[in-house]
Amino acid sequence: MALDQQQVRDIADLARLQLDDNQITEYQKNLSNILDLVDQLSAVDTSAVEPLAHPLDAVQRLRADEVSESNQREHFQQCAPQTENGYYLVPRVVE
Amino acid sequence: MHNKTIAEISRDLAAGEYSSVEITTELLSRVQQLDSEYNSFITVTAEQALAQARAADERRAAGNAEAWTGIPIAHKDIFCTNGVLTTCGSKMLSNFTAPYDATVIDKFNAAGAVSLGKLNMDEFAMGSSNESSFFGPVANPWDKERVPGGSSGGSAAAVAARLVPGATATDTGGSIRQPAALCGVTGLKPTYGRISRWGMIAYASSLDQAGTITRSAEDAALMLQIMAGFDARDSTCMNQAVPDYSASLNNSIEGMTIGLPAEYFRDDLSADMQQAVRNAIAEYEKMGAKVKEISLPNAHLAIPAYYIIAPAECSANLSRMDGVRFGYRCEDPQDIEDLYKRSRGEGFGGEVKRRIMVGAYALSAGFYDAYYKKAQQVRRLIKNDFAAALQEVDLIAGPVTPTPAFRRGEKTSDPVEMYLEDIFTIALNLAGLPGMSVPCGQVNGLPVGLQLIGNYFDEARLLNAAHQFQQATDWHLQKPADI
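About the criteria used
- Residues numbered from 1 in each chain as written.
- Chains lettered and ligands numbered in written order.
- Predicted model: local features only at pLDDT ≥ 70, side-chain atom pairs only at ≥ 80, totals over all residues.
- Heavy atoms only, no water.
- Helix = DSSP H or I, 4+ residues; strand = E, 2+ residues; numbered from the N terminus.
- Rg over C-alpha atoms; globule rule 2.2 N^0.38 Å.
- Buried < 20%, exposed > 50% of the residue type's maximum accessible area, 1.4 Å probe, protein only.
- Contact = heavy atoms within 4.5 Å.
- Areas by Shrake-Rupley, 256 points an atom, 1.4 Å probe, with all protein chains shown as cover.
- Lys, Arg positive; Asp, Glu negative; His and termini not counted.
- Charge placed at Lys NZ, Arg CZ, Asp CG, Glu CD.
- Axes fitted to C-alpha atoms, helices over the stretch in contact; angles between N-to-C directions.
- Parallel < 35°, antiparallel > 145°, perpendicular 65-115°, else oblique.
- Nonpolar A, V, L, I, M, F, W, Y, C, P; charged D, E, K, R; others polar.
- Pairing = 2+ DSSP bridges.
- Buried area = accessible area lost by both parts, 1.4 Å probe.
- Salt bridge = Lys/Arg side-chain N within 4 Å of Asp/Glu carboxyl O.
- Polar contact = N/O pair within 3.5 Å; in protein donor to acceptor, adjacent residues only side chain to side chain.
- Patch = residues over 30% accessible without salt bridge, like charges linked within 9 Å, V, L, I, M, F, W, Y side chains within 5 Å.
- Core = buried A, V, L, I, M, F, W, Y, C linked by side-chain atoms within 4.5 Å.
- pLDDT = per-residue confidence, 0-100.
- Phe/Tyr/Trp six-rings, centres within 6.5 Å; stacked < 30°, edge-to-face > 60°.
- Lys NZ or Arg CZ within 6 Å of the ring centre and 35° of its normal.

Draft legend 1. How the structure looks around the overall build of chain B. Within chain B, the regular secondary structure consists of 15 helices and 11 strands. Taking 2.2 N^0.38 as the reference for a compact globule, 483 residues should give roughly 23 Å; the C-alpha atoms of chain B span a radius of gyration of 21 Å, in line with that estimate. When its C-alpha atoms are laid out on the principal axes, chain B stretches across 65 × 55 × 45 Å. The buried share among the 483 residues of chain B stands at 67%. Pairs at least 24 apart in sequence give 75% of the contacts found in chain B among residues at least 6 apart. By element, 47% of the accessible surface of chain B is carried by carbon and sulfur atoms, the whole surface being about 15100 Å². Put simply, chain B has 43 plus and 56 minus side-chain charges, and the middle of one group is 3 Å from the middle of the other.

Laid out in structure tokens, this is it:
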């Protein structure tokens, strides 16, 4: 399936990826090739087949709702690009 | 000393032949002298390694040594290591010092192993040639113009070049078995859920599994013994008893039934590759194994199903790389959208961006049923094929790769061509089964791997079969001419 350039830009937007304009054509070609590859699936009759989400068909394990971790905010924020007073700093979101 | 296996080092340390500090020092100096040629390490933790080695020697002097005390290995840079740079081969995490240890790292530390550092890999484990690493490609020790395979290319090259006797690795679609095959070393990808994924940076969570790259099946058993087991911190880790993997290595394989899938011995697989694999099968017959033709009729659908499921899961997993809490942030973001988009656009390489975009597309409104659900249905068909085959046989055998190691740059222009490299390995991850790659011959002076596939949680039988092959042959002892 061939994607057009606008579809490539829309997908990049959805995925929050900045692409250079001069790369769009290459992504368009490569992504279209990948979609051609996966389109082989559409020919398979899977009408009676249950989707497989976990290879061992295991279900989500639950645990008691108890505190199990201590607060390590400062330790974990050491690898953050920018913090202040225990918060992560980002550009202004609300004017 | 650098040619010693893990099992030999364990025995030598116990016998007082040399100390952990001595072997650690020798291997560190090899890394320093030789790794500029291979680029298999991203980070060498020499000081920490020597401190661990000294502690191990003290423990031994005090009479408290165990099997793993003082044995040097290295870890794929996908495992978080507390206080040590953990990059996952990406610019996005090129400044990320992990604030905690992965369970796998914890377990090796608790066992007294020594870590020499962190090994190169394809960016976020996406690739089959180690050419997508932000830290540069890794050279195959058998021919430095050729790729070591991927994504665990650094692990395979370091073990083949005798820089370390063993390394951790991970396998989502072939990332342990394929580089092990191309570098002539032994790779083990255990059952999905056998080893905790806690602290192992996620690519495709329903497929990712940790494993080992070593120079023998005996060593793979020793590493798996440390790594396997339940961990409450990984919700997909299975609560299954861990057998003594070394205990069954010497069992006879007389009467074992090995299945050969017709789909893995196709006409387009070169005669040389077929011959190397068939010679290995003949070796098994000599040892008393029975061989049976089997069929995996949906094998051709494994790559298309994988290239929906893996990208879909990666697009979700990698959304955490947003330039806010850790990792790379772009210069001077204008607003929050700009921060997200430029941090991710600049921080991720081309292959990672492609897979995120395929995943975002497959999961987007209106396409979910046609792509993701469809791929999961096909995934069940693939699993059912294996389940039916494993009713009739104990193990399945075939090639690991369509060709020996290819040249750098040979497959980078078309991603789909690179994806086809994993044609024999990917189905196993979709089914969640364990598999191994064992050196079984050479084509044009380059190593070829035999793939062995076992039933769920039957790693002991896989290791037994691989070890017996290595008792009867010496392909696993072959090494590059200049090593």
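We are not done yet, so read on.
Draft legend 2. Structural view of the packing of helix α4 (residues 103–111) of chain B against helix α7 (residues 217–227) of chain B. Residues and elements named next belong to chain B. The interhelical angle for the contact between α4 and α7, taken along N-to-C directions, is 105°, at an axis separation of 8 Å. Comparing their axes, α7 and α4 come out roughly perpendicular. Listed contacts from α7 to Val104, Lys107, Phe108 and Ala111 of α4 are Met223, Ile226 and Met227. A class-by-class count of the residues in the contact of α4 with α7 yields six nonpolar, no polar and one charged.

Draft legend 3. Quick peek at the environment of Phe135 of chain B. All names here are of chain B. By the secondary structure assignment, Phe135 is in the loop between β3 (114–119) and α5 (153–160). Here Phe135 falls in the partly exposed class, since its relative accessible area comes to 26%. As a C-alpha pair, Phe135 and Ala316 span 181 residues in sequence and 24 Å in three-dimensional space. Those residues within four positions of Phe135 in sequence are excluded, and the remaining contacts are Asn39, Ile42, Thr87, Gly89, Ser90, Ser94 and Asn120.

Draft legend 4. Layout of the pairing of strand β4 (residues 166–171) of chain B. All names here are of chain B. Buried residues dominate β4, accounting for six of its six residues. Bridge analysis of β4 against strand β6 (residues 209–214) gives six bridges, and the strand direction is antiparallel. Each bridged residue has a counterpart across the sheet, and for Thr168 the counterpart in β6 is Thr212.

Draft legend 5. Layout of the interface of chain A and chain B. Contacts between chain A and chain B engage 49 residues on the former and 70 residues on the latter. Each partner contributes to the roughly 5200 Å² buried at the junction of chain A and chain B, and carbon and sulfur atoms together form 68% of this total. For the interface between chain A and chain B, the tally reads four salt bridges. The salt bridge involving Glu337 of chain B is made with Arg16 of chain A; its shortest N-O contact spans 3.3 Å. On the surface where chain A and chain B come into contact, there are 20 residue pairs in polar contact (both at pLDDT 80 or more). Of all the secondary-structure elements, those providing two or more residues to the side of chain A that touches chain B are α1 (5–14), α2 (24–38) and α3 (73–77) of chain A.

Draft legend 6. Expanded view of a nonpolar patch on the surface. Residue and element names in this part refer to chain A. Together, Val90, Val93 and Val94 give the surface a local cluster of nonpolar side chains, amounting to about 260 Å² of exposed area. Along the chain, Val90 turns up in the segment after β2 (87–88). According to the relative accessible area criterion, Val90 is partly exposed, its value standing at 31%.

Draft legend 7. Fine view of the nonpolar core. All names here are of chain B. Counting residues in each nonpolar core, the largest one holds 165 residues, and the members touching the most others are Trp68, Phe124, Tyr284 and Phe386. Here this core takes 10 residues from helix α9 (residues 302–317), the largest share from any one element. Contact partners of Phe124, with chain neighbours within four places excluded, come to Cys88, Ser90, Met92, Leu93, Ile201, Tyr203, Leu318, Met321, Phe348 and Val352. Membership of the second largest hydrophobic core comes to five residues, among which are Val147, Leu182, Ala405 and Met418.

Draft legend 8. The arrangement of the confidence of the model for chain B in detail. On average, residues of chain B score 97 in pLDDT, and 100% of them are at 70 or above. Note on the complex model: pTM 0.98, ipTM 0.96.

Draft legend 9. Up close: the pattern of salt bridges. In total, this model carries 26 salt bridges over all chains according to the counting rule given. Residues Glu283 of chain B and Lys286 of chain B are paired through a salt bridge, measuring 3.6 Å at the closest nitrogen-oxygen approach. Taken together, the residues Glu283 of chain B and Lys286 of chain B, both in helix α8 (residues 271–286) and three residues apart, mark about one turn of the helix. Across the pair Asp338 of chain B and Arg342 of chain B runs a salt bridge whose closest N-O atoms are separated by 2.9 Å. In this pair, Asp338 of chain B and Arg342 of chain B both sit in helix α10 (residues 336–347), four residues apart, roughly one turn of the helix. Comparing Asp338 of chain B with Arg342 of chain B shows no difference in burial state: the two are buried. Salt bridges linked by common partners bring Asp57 of chain A together with Arg380 and Lys383 of chain B together as one network.

Draft legend 10. Layout of the packing of aromatic side chains. Residue and element names in this part refer to chain B. Counted under the stated rule, the structure contains 13 aromatic pairs over all chains. Ring plane angle 20° and centroid distance 5.5 Å describe the contact between Tyr284 and Phe469, whose orientation is recorded as stacked. In this pair, Tyr284 is assigned in helix α8 and Phe469 in helix α15 (residues 459–472), connecting sequence segments 185 residues apart. In this pair, the class of Tyr284 matches that of Phe469, namely buried. Aromatic side chains Tyr361 and Phe367 sit 4.7 Å apart centroid to centroid with 35° between the ring planes, which places their arrangement in the tilted category. What makes Tyr361 buried here is its relative accessible area of 5%. Taking relative accessible area as the criterion, Phe367 reaches 29% and is therefore assigned partly exposed. Members of the aromatic cluster, connected to one another through ring pairs, are Tyr306, Tyr307 and Tyr419. Positioned over the ring face of Phe265 is Arg278, at 4.4 Å from the centre of the ring. The positively charged end of Lys411 is found above the aromatic ring belonging to Phe406, 4.7 Å away from the centroid.

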